[in-house]
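# Close look at the chain arrangement
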Amino acid sequence: MDFLRPASWEEALAAKAEHPTAVPIAGGTDVMVEINFDHRRPEYLLDLNRISELQDWHVGEETVQLGASVPYTKIMENLRTELPGLALASHTVASPQIRNRGGVGGNLGTASPAGDAHPALLAADCEVEVESQARGSRLIPIDAFYTGVKRNALEADELIKSVHIKKADGPQQYSKVGTRNAMVIAVCAFGIALHPETRTVRTGIGSAAPTPIRAKAAEEFLNSALEEGGFWDNGKIITPSIAKQFAELCSGAANPIDDVRGTASYRKHAVGIMARRTLGWTWESYRSGKGRGAEGVA
């Protein structure tokens, strides 16, 4: 196994063009596990740790441009206001040591359905900026990024440079079920984001389908119910029947498997519970911001 260590982004793109099978490594929290357990043995490892711009972020007027290697700890410490859902998801990643090393680019590159960042990214809405030496850069909408089990839309000579994530314009939440409170791969996870500016709600489901997914039917139902009931304007409590239907549709969107971490039936049940609870939390936060009372979805 050869170790390639470019000193700049341009050198990294050149190395990837010359060696398309090279596996990028930054935090190494996914790649090294696979190598140590001999699940993969790449001919080349492409070390991206010397490329400083991958560890930078920029807060713009509408989006946050998050470098692919920005550690989860930095997201938690610096972007809690702009990216609350992703900050909450970052809290659930493994241990402090791994949060200091791992970043969103690694989750996207690995594209595991159990990656902690995926539900938050889907709910917030974002675009993944990738680049190759031959074709330059392009933006891939997050909804088009996941193409299969641990597969993504990257071409062989492309690298992930950053993620352009929409800044929160409303409350966001994230929930994860695991067999313990730390150092655990998700049994399933759920993210939700209210977007009052467009009067829409987006969701993200992790570890309950071959890829990270959105519960689109649930979103459409809830968007219609909130609009028809005037909830965005009147700030009323979401009725139990609406919350129940939303949860059932989220559960129905899941397509999980049985494995050592949990059964398919449990995952579908848990997704529904997380959907109802996170909807209650986010809507109460939205209502509180409008100066309403303190009641929430039961």
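It should be emphasised that the depicted structure is a prediction, and the values quoted were computed from it without experimental measurement.

Our next topic: the overall build of the chain. Counting its secondary structure elements, the chain contains 11 helices and 13 strands. Taking 19 Å as the expected radius of gyration for a compact globule of 298 residues, we find that the chain reaches 19 Å, a close match to that expectation. On the principal axes, the C-alpha backbone points of the chain span a range of 60 × 45 × 30 Å. Sorting the 298 residues of the chain into buried and exposed places 54% on the buried side. Of the roughly 13500 Å² that the chain leaves accessible, carbon and sulfur atoms contribute 49%. Each charge class in the chain was averaged separately, 32 positive and 36 negative side chains, and the resulting centres sit 7 Å apart.

Overall, antiparallel pairing links the five strands, which are arranged S4-S5-S10-S6-S7 in an open sheet. One side of each edge strand has no neighbouring strand; the edge strands of this open sheet are strand S4 (57-59) and strand S7 (136-141). Each strand axis lies, on average, 20° off the axis of its neighbour in the sheet, ignoring direction. Where strand S6 (residues 126-132) meets S7, six bridges bridge the pair, whose relative direction is antiparallel. Pairing of Glu-131 across the sheet is with Ser-137, part of S7. Across the sheet, helix H1 (residues 9-18) is in contact with S6 and strand S10 (159-166); its angle to S10 comes to roughly 120°.

Right, let's talk about a negative patch on the surface for a bit. A cluster of acidic residues, Glu-10, Glu-11, Glu-53 and Asp-56, forms a negative patch on the protein surface. Considering the arrangement of structural elements, one finds Glu-53 in the loop between strand S3 (44-47) and S4.

Judged by pairing direction, the sheet is parallel, and its three strands sit side by side in the order S1-S3-S2 without closing on themselves. Each edge of the sheet is formed by a strand with only one pairing partner; in this case those strands are strand S1 (2-4) and strand S2 (23-25). Ignoring strand direction, the axes of neighbouring strands in this sheet form an average angle of 30°.

So, about the environment of Val-187. Looking at the element boundaries, Val-187 is found in the loop between strand S11 (172-177) and strand S12 (188-195). Sequence separation between Val-187 and Phe-3 is 184 residues, and the spatial gap between their C-alpha atoms is 34 Å. Look past the residues within four positions of Val-187 in its chain and what remains in contact with it is Val-177, Gly-178, Thr-179, Ser-207, Arg-261, Gly-262, Tyr-266 and Arg-267.

So, about the packing of aromatic side chains. Per the stated rule, a full pass over the model turns up five aromatic pairs. A centroid spacing of 5.6 Å and a plane angle of 90° characterise the contact between Phe-145 and Tyr-146, whose relative ring orientation is edge-to-face. The exposure classification of Phe-145 matches that of Tyr-146, with both residues buried. Centroid distance Phe-231 to Trp-283: 6.5 Å. Interplanar angle 80°. Geometry classified as edge-to-face. Taken as a pair, Phe-231 in helix H9 (residues 231-234) and Trp-283 in helix H11 (residues 264-289) lie far apart in primary sequence, 52 residues in all. We note that Phe-231, like Trp-283, is buried. Aromatic ring contacts, followed pair by pair, group Phe-231, Trp-232, Trp-283 and Tyr-286 into a single cluster.

Below, the discussion takes up the domain arrangement of the chain. Taken as a whole, the chain is organised into domain 1 (49-166) and domain 2 (172-297). On a C-alpha basis, the centroid separation for the pair domain 1 and domain 2 is 22 Å. Taken together, the 26 residues of domain 1 in the interface contact 27 residues of domain 2. In this assembly, domain 1 packs against domain 2 so that about 1900 Å² is buried in total across both faces, 63% of it on carbon and sulfur atoms. Among the residues domain 1 hides against domain 2, the three largest losses belong to Pro-113, Pro-119 and Ala-123. Together they make up 27% of the total. Taken together, the connections running from domain 1 to domain 2 amount to four salt bridges. The salt bridge partner of Lys-176 is Asp-116, with a shortest N-O separation of 3.0 Å.

This part takes up the pairing of S3. Here S3 shows a buried face lined by Tyr-44 and Leu-46 and a second buried face lined by Leu-45 and Asp-47. In the sheet, S1 pairs with S3 via three bridges, with the strands oriented parallel. When the bridges of S3 are listed, Asp-2 appears paired with Tyr-44. Two strands pair when backbone bridges link them, and S2 and S3 are joined in this way by three bridges, in the parallel orientation. Of the residues in S3, the one forming a bridge with Pro-24 is Leu-46. In this fold, the crossover linking S2 to S3 by way of helix H2 (residues 31-36) has right-handed handedness.

What counts and how
Residues numbered from 1 in each chain as written. Predicted model: local features only at pLDDT ≥ 70, side-chain atom pairs only at ≥ 80, totals over all residues. Heavy atoms only, no water. Helix = DSSP H or I, 4+ residues; strand = E, 2+ residues; numbered from the N terminus. Rg over C-alpha atoms; globule rule 2.2 N^0.38 Å. Buried < 20%, exposed > 50% of the residue type's maximum accessible area, 1.4 Å probe, protein only. Areas by Shrake-Rupley, 256 points an atom, 1.4 Å probe, with all protein chains shown as cover. Lys, Arg positive; Asp, Glu negative; His and termini not counted. Charge placed at Lys NZ, Arg CZ, Asp CG, Glu CD. Pairing = 2+ DSSP bridges. Axes fitted to C-alpha atoms, helices over the stretch in contact; angles between N-to-C directions. Contact = heavy atoms within 4.5 Å. Patch = residues over 30% accessible without salt bridge, like charges linked within 9 Å, V, L, I, M, F, W, Y side chains within 5 Å. Salt bridge = Lys/Arg side-chain N within 4 Å of Asp/Glu carboxyl O. Phe/Tyr/Trp six-rings, centres within 6.5 Å; stacked < 30°, edge-to-face > 60°. Domains from an automatic or database assignment. Buried area = accessible area lost by both parts, 1.4 Å probe. Right-handed = clockwise from strand over helix to strand, strands pointing away.

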